[in-house]
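One letter stands for each residue in the lines below.
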Amino acid sequence: MEYLEFELPIKELEEQLEKCQVIGKESDVDVTQTCKQIEKKLKETKKDIYKNLTPWQRVQMSRHPNRPYTLDYIKALCGDSFLELHGDRNFKDDKAMIGGLGKIGDQSYMFIGQQKGYNTKTRQYRNFGMANPEGYRKALRLMKSAEKFGIPVVTLLDTPGAYPGLEAEERGQGEAIARNILEMTRLKVPIITVVIGEGASGGALGIGVGDKVLMLENTWYSVISPESCSSILWRSWEYKETAAEALKLTATDMKRMKLVDEIVKEPIGGAHSDREKTFLTVREAIVKSFDEFKNLSPKELVEQRMDKYSQMGVYKG
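The sections below set out a description of the structure shown in this document. For every chain, the first residue of the written sequence is number 1, and numbering continues from 1 along that sequence. Local features are withheld for residues below a pLDDT of 70 in this predicted model, meaning they are given only at 70 or higher, and side-chain atom pairs are given and counted only at 80 or more; totals for whole chains, interfaces and linings count all residues. In computing side-chain properties, one takes all heavy atoms of the structure into account and sets aside hydrogens as well as water.

## Quick word on the nonpolar core
Turning to step 1, where the next piece is worked out: Residue types Ala, Val, Leu, Ile, Met, Phe, Trp, Tyr and Cys, when buried and joined through side-chain atoms within 4.5 Å, form a set referred to as a nonpolar core. Here the term buried applies to any residue with accessible area under 20% of the maximum for its type, exposed to any over 50%, and partly exposed to those in between, with areas from a 1.4 Å probe on protein chains only. In terms of nonpolar packing, the biggest core is built from 30 residues, with Ile112, Tyr136, Met143, Val153, Ile207 and Tyr221 touching the most fellow members.
Turning to step 2, where the next piece is worked out: Looking at this core, the elements with two or more residues in it are β3 (107-114), α6 (133-148), β4 (153-159), α8 (173-185), β5 (191-200), β6 (212-216) and α12 (251-256).
Turning to step 3, where the next piece is worked out: Per element, the largest residue contribution to this core is five residues, and it comes from α6.
Turning to step 4, where the next piece is worked out: With residues up to four places along the chain from it excluded, the contact list for Tyr136 reads Met97, Gln114, Ala131, Ala162, Gln173, Ala176, Ile177, Asn180, Gly202, Gly203, Gly206 and Ile207. Numbered from the N terminus, helices here are DSSP runs of H or I no shorter than four residues, and strands are runs of E no shorter than two. Contacts between residues were defined by any pair of non-hydrogen atoms, one from each residue, lying within 4.5 Å.

Written out as structure tokens, the structure is:
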């Protein structure tokens, strides 16, 4: 188990509890009361820490190395029914963007999302969850296939941004993302979007236009990361905490500004602390969201989606 800096008090108490339990097993000393006191203190400390997380701490939580990624959610939601589909039929298969067909209960869905790696080798293989143009074109191909067969789309957002390399720009990164945003606004099947980790910039928006946008409690959604914002404004990463506060990137901020529709609660300690509970909560949220749109005609669906996005933001006439 890995701990973030602000979680160190929890680590200390968990180590104390473990030592106490070992002493109880290996000796005749009755440590029951002591263990109970430590457990009580641990519970109170967890509640206190996770109840008062700063925006920067939530950014750190969204990047926690033990946090479940897109494929973890898909496998938990669909089991063996998931069939991954590959390639954009133009250039190649992007390993940072995955997609395919899967079932939740008796209902089929087209799942699409960014996938990060678990170690150095898989992070390089997945390009750290940063998709190239072919990734967005693959996503669009799968969405169009879903539309053809009347299958709802579920997108899972978890990326530090679209890949900013020269070759990505040469192959039309901006156009690919813009095309996806345009096509998603008029897709004739329900789109349910879930921010499961980092929702950064156009990299997230390229698969982020949804009839219902759900955001896990300890995730962020913004045009830029706090570190990049800090380096642009202050020429240093030292002000990333100030930038995170100013960017209003937390789930609470997004919900208040009506940029997302619903916050999905996480277990105390984050999604990684109780994966099964997190998967179940997300599953229920997806099914509930689909029920809201399944009886709408394609015309009503598109009109409602257009209205939703046209009402976002504040402007003067």
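Picking up after the structure, the text goes on.
## Considerations on the pattern of salt bridges
Turning to step 1, where the next piece is worked out: When a carboxyl oxygen of Asp or Glu is within 4 Å of a side-chain nitrogen of Lys or Arg, the pair counts as a salt bridge. Scanning the model with the defined rule gives 23 salt bridges in all.
Turning to step 2, where the next piece is worked out: Notably, a salt bridge pairs Asp93 with Lys95, separated by 3.1 Å at the nearest N-O pair.
Turning to step 3, where the next piece is worked out: Residue classification places Asp93 among the buried positions, given a relative accessible area of 17%.
Turning to step 4, where the next piece is worked out: Salt bridges sharing common partners tie together Arg137, Lys144, Glu147, Glu175, Arg179, Glu183 and Arg186.

## Examining the pairing of β4
Turning to step 1, where the next piece is worked out: Burial runs high along β4: seven of the seven residues are buried.
Turning to step 2, where the next piece is worked out: Across the two faces of β4 the burial is the same, with Val153, Thr155, Leu157 and Thr159 and Val154, Leu156 and Asp158 all buried.
Turning to step 3, where the next piece is worked out: A strand pair is defined by DSSP finding two or more bridges across the two strands. Of the pairings in the sheet, the one linking β3 to β4 comprises four bridges and is parallel in character. Pairing of Met110 across the sheet is with Val153, part of β4.
Turning to step 4, where the next piece is worked out: Of the strand pairs in this sheet, β4 and β5 are connected by six bridges, and their pairing is parallel. Each residue of the ladder has a partner; that of Leu156, found in β5, is Val194.

## Examining unusual backbone geometry
Turning to step 1, where the next piece is worked out: The phi angle at Asn127 is positive, at roughly 55°, despite the residue not being glycine.
Turning to step 2, where the next piece is worked out: For Arg235, which is not glycine, the phi torsion reads 55° and is therefore positive.
Turning to step 3, where the next piece is worked out: Arg235 sits in the exposed class, given a relative accessible area of 69%.

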